[in-house]
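# Survey of secondary and tertiary structure
Single-letter residue listing:
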Amino acid sequence: LSLATNYQYAACPGPSERQNMRSTFQYWGVRNGENGGLEFVTTEEVKAGTQLCHWYGSGWFPDRGLKRLDVGTEDYPAPKRRSKIKAETQHDD
């Protein structure tokens, strides 16, 4: 990598969004060294233009005094949360 390399970052999904990538916990380089990294993989098919999202952790936003918001836009959507299916049964006893 050179100094001219443009680094891209993945967003943390907002309250109505979900992650579509995760860490493999495969690291390289020296911690706090000049270069290093952590491998990520997608967890589903990602269509062109879709944002890559991974969970930053529950403390990331509060620790910085920030409010977590949805990151998707009309042109560059983030994957939406899947609705929870509630299995409700009625019994007419």
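First, a word on what this report is: a plain description of the structure on this page. Because the structure is a prediction, the values reported are computed rather than measured. (Residues numbered from 1 in each chain as written. Predicted model: local features only at pLDDT ≥ 70, side-chain atom pairs only at ≥ 80, totals over all residues. Heavy atoms only, no water.)

## Here we look at the overall build of the protein
Scanning the protein from N- to C-terminus turns up 1 helix and 2 strands. Along the protein, from the amino end to the carboxyl end, the secondary structure elements read β-β-α. In the protein, the share of contacts with a sequence separation of at least 24, taken over all contacts with a separation of at least 6, comes to 60%. Just so you have it, the protein exposes about 8,300 Å², and 50% of that area is on carbon and sulfur atoms. (Helix = DSSP H or I, 4+ residues; strand = E, 2+ residues; numbered from the N terminus. Contact = heavy atoms within 4.5 Å. Areas by Shrake-Rupley, 256 points an atom, 1.4 Å probe, with all protein chains shown as cover.)

## Digging into the pairing of strand β2 (residues 36-42)
Taken together, the 6 bridges between strand β1 (residues 21-29) and β2 define a ladder with antiparallel strand orientation. When the bridges of β2 are listed, W28 appears paired with G37. What sits between the antiparallel neighbours β1 and β2 is a turn of 6 residues, in which N32 has the positive phi angle 60 degrees. (Pairing = 2+ DSSP bridges.)

## Comments concerning the pattern of salt bridges
Counted under the stated rule, the structure contains 2 salt bridges. Residue R18 pairs with E44 through a salt bridge whose shortest N-O separation is 2.7 Å. Here R18 is found in the segment before β1, whereas its partner E44 is found in the loop between β2 and α1 (60-63), with 26 residues between them in sequence. Assessed through its relative accessible area of 24%, E44 is described here as partly exposed. Residue E44 is joined to R82 by a salt bridge in which the shortest nitrogen-to-oxygen separation is 3.9 Å. (Salt bridge = Lys/Arg side-chain N within 4 Å of Asp/Glu carboxyl O. Buried < 20%, exposed > 50% of the residue type's maximum accessible area, 1.4 Å probe, protein only.)

## Some remarks on the packing of aromatic side chains
All told, the structure shown has 3 aromatic pairs when counted by the stated rule. For the ring pair Y56 and W60, a centre distance of 5.0 Å and an interplane angle of 75 degrees mean the geometry is edge-to-face. Overall, the relative accessible area of 29% leaves Y56 in the partly exposed class. Exposure remark for W60: the relative accessible area of 31% places this residue in the partly exposed category. Three or more aromatic residues link up through ring pairs in this structure, and these residues are Y56, W60 and F61. Between the NZ or CZ atom of R64 and the centre of the ring of W60, over which it lies, the distance is 4.0 Å. (Phe/Tyr/Trp six-rings, centres within 6.5 Å; stacked < 30°, edge-to-face > 60°. Lys NZ or Arg CZ within 6 Å of the ring centre and 35° of its normal.)

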